[in-house]
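A closer look at the structure
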Amino acid sequence: MGQASAYGGLERVPTGIAGLDGILGGGLFRGGVYIVQGTPGSGKTIFGNQACYTHAGVPPALPVHAGVPPALPKHAGVPPALPRHAGAPSGPGAENRALYVTLLAESHARMLGHIAPLGFFDPALIPDRITYLSAFRTLQDEGLAGLLTLLRRETAAREASLVVLDGLVAAEETAASALAFKTFIHELQTQAAATGVTVLLLTSASAGADLVAAEHTMVDGLIALSSRLVGRRAERELEVRKFRGSGFLRGRHAFRITDDGIWVFPRIEASLRVPSRRDHVEGAPLTTGLPALDAMLGGGLPHHSTTLVGGPAGIGKTTLGLQFLGADPEAPGLLCGFYESEAAILAKARALTLPVAGLIETGQVAVTWQPATEGLIDEICTDLLETIRNRGVRRVFIDGLDAMCRIAGDQDRIVRIFAALTAELRALGVTAMYTRETDLRGTFLDAPSGESSLRQTSSVAENVVLMRSCALRSGFHRLIAVAKARDSRIDPRLRVFDIRTGGLAIDDGPDRAEAVLSDRDPTSRSGE
């Protein structure tokens, strides 16, 4: 067992940490020893307890096929160990038991008081399925040898298949020498492999500590929990530094401590590095809901494509997106907004008498709202894809690409995130539309002076529609143009449009736009 578990027929042991098992390729290995290291307050104790309650509340895991390491999941957090808003399941047939051993840690009563409000906590599992034990006195009086004996005896007596040792740093400080501590880790690993018990060792680390201690090279895996500042806000991160016997998603992944416990959100660009299924781009063009715009696009939106709509604030981007969602009453739709709540969106649709208003009221088009204050970009993308899969969505309108960029924080990731998201939406058979802010001339706000406003859009969108305004004497005129469309012969000429009852009204031809841009009165007749 032990190291050989990677290639034998050992069972996978779910961690109970939603999203983490996807990162690990299916969970921990039975008989493995894993270090969970983090700064104070990073969530180590919740991690250990959540693993225990999930383990004790579900039937034993099934063995994997010998010699075939489980494949990595192709999309974020799937399959999760637990439903998003549910605690650990329990019931007849649950046979697993867990032992939680503390060294220098808070009292058990205080610990239970802290975790009691969390969704995974189930007092009915104590003490038959989960046993709490303090080993501080044993460590103090008998040293590492006595601690090892206690762990062996109590594990057998409780018939535990998962053991959590909280406070490994105390054992290290008690060791007579570095060699004595390494011997303790080795003996613990041998004991775990022989009995098939999975062991989690929780230990503290100072911020920025170098995690290359000798014991880290001996165990089967190392999971690091940390927190970092992004501007003035703090974000929690999880990184699997080492995991023997299986592929895993490398890098730092965001996580939250919620009312249900820890929830990890794998990096979207890593978990969606390959779409979850083969995409199909063949098919008839889809209408935008505006016949004139369809003509400019060469017949409509290419099948299962993504469209970027750029324009200044108030130009009509959201109205265009609402008409897109309401263009096919039979296609389930989704609006993911960052600036306007569901009530505000519905009021706008009703005021313009758009068909999408009725679809929102009947639930055919769902509306989600993520205030552009704080958030995790990977959580937003995970929730978006989960909603699309659960509802069978075919049209998606994301109103606020700029807000998503600000929430992401790490601007280097933006293009990779949206490239992965776009590919997955296409694989799911979704036709999508994004909005993004520009200045009044139609130039994206992050483009340096004189640089093309279409910079880096190829990996984000296959079609680009630009909206702008133009002043003529005392009035402003709205203009729209198609900059590109996938595999289509577009009409790139500008058109004037107005917003009125029924939505956007786009001119059939470019005459009025040419008159506006040439500073002529668009109502006058040519030659008069």
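Here the structure is a predicted model, which is why all the values come from computation and not from measurement.

Regarding the pairing of strand β9 (residues 233–243)
The pairing of strand β8 (residues 221–230) with β9 spans ten bridges and is classified as antiparallel. Note that in β9 the partner of Leu225 across the bridge is Leu238. Linking β8 back to β9 in an antiparallel pair, the connection comprises two residues, with Gly231 at a positive phi of about 70°. Bridge count between β9 and strand β10 (residues 252–258): four bridges; the pairing is antiparallel. Pairing of Glu239 across the sheet is with Arg252, part of β10.

Focus: the nonpolar core
By size, the foremost hydrophobic cluster in this structure holds 40 residues, and its most contacted members are Leu20, Phe47, Leu200, Leu238 and Val240. If we skip the residues at most four places from it in the chain, Leu200 touches Leu28, Tyr34, Val36, Phe47, Ala51, Leu162, Val163, Val164 and Leu165.

A look at the pairing of β10
Consecutive side chains along a regular strand alternate between the two faces of the sheet. For β10 and strand β11 (residues 261–265), the ladder comprises five bridges, and the chain directions are antiparallel. Within β11, the position partnered with Thr258 by the bridge is Gly261. The antiparallel pairing of β10 with β11 creates a hairpin that spans two residues between the two strands.

Description of the pattern of salt bridges
Across all of its chains, the model carries 25 salt bridges by this definition. The closest approach of N and O atoms between Arg413 and Glu269, which form a salt bridge, is 2.8 Å. Taken together, the residues Arg413 in the loop between α14 (401–408) and α15 (414–427) and Glu269 in helix α8 (residues 268–271) connect sequence positions 144 residues apart. There is no split in this pair, since Arg413 and Glu269 are both buried.

Thoughts on the environment of Ile417
Here Ile417 lies in helix α15. Its relative accessible area of 0% is what places Ile417 among the buried residues. Distance in space between the C-alpha atoms of Ile417 and Cys381 is 9.0 Å, their sequence separation being 36 residues. Once you skip the residues sitting within four places of it in the chain, Ile417 turns out to touch Ile268, Glu269, Ile377 and Cys381.

With respect to the packing of helix α10 (residues 317–325) against helix α11 (residues 342–351)
Packing of α10 against α11 brings their axes to within 11 Å, and their N-to-C directions diverge by 80°. Between α10 and α11, the angle falls in the class roughly perpendicular. For the pair α10 and α11, the contacting residues are Thr318, Thr319 and Leu322 in the first and Ile345, Lys348 and Ala349 in the second. Here the contact of α10 with α11 is composed, by residue class, of three nonpolar, two polar and one charged.

Some remarks on the packing of helix α13 (residues 377–391) against α15
α15 packs onto α13 with a crossing angle of 5° between their chain directions and a minimal axis gap of 12 Å. In this view, α13 runs roughly parallel relative to α15, as classed from their interaxial angle. Along its contact with α13, which presents Ile377, Cys381, Leu384, Leu385, Ile388 and Arg389, the element α15 presents Ile417, Leu421, Glu424 and Leu425.

So, the packing of aromatic side chains
Enumeration over the complete set of coordinates arrives at nine aromatic pairs. Judged by centre distance (6.0 Å) and plane angle (20°), the ring pair of Phe29 and Phe243 falls under stacked. Taken together, the positions of Phe29 in strand β2 (residues 28–29) and Phe243 in strand β9 put the pair 214 residues apart, joining distant regions of the chain. Note on accessibility: Phe29 and Phe243 belong to one class, buried. Taking the centre distance of 6.4 Å and the plane angle of 75° together, the rings of Phe243 and Phe248 count as edge-to-face. When sorted by exposure, Phe243 lands in the same class as Phe248, which is buried. Taken together through their ring pairs, the aromatic side chains of Phe29, Tyr34, Phe243 and Phe248 make up a single cluster.

Calculation criteria
Residues numbered from 1 in each chain as written. Predicted model: local features only at pLDDT ≥ 70, side-chain atom pairs only at ≥ 80, totals over all residues. Heavy atoms only, no water. Pairing = 2+ DSSP bridges. Helix = DSSP H or I, 4+ residues; strand = E, 2+ residues; numbered from the N terminus. Core = buried A, V, L, I, M, F, W, Y, C linked by side-chain atoms within 4.5 Å. Buried < 20%, exposed > 50% of the residue type's maximum accessible area, 1.4 Å probe, protein only. Contact = heavy atoms within 4.5 Å. Salt bridge = Lys/Arg side-chain N within 4 Å of Asp/Glu carboxyl O. Axes fitted to C-alpha atoms, helices over the stretch in contact; angles between N-to-C directions. Parallel < 35°, antiparallel > 145°, perpendicular 65-115°, else oblique. Nonpolar A, V, L, I, M, F, W, Y, C, P; charged D, E, K, R; others polar. Phe/Tyr/Trp six-rings, centres within 6.5 Å; stacked < 30°, edge-to-face > 60°.

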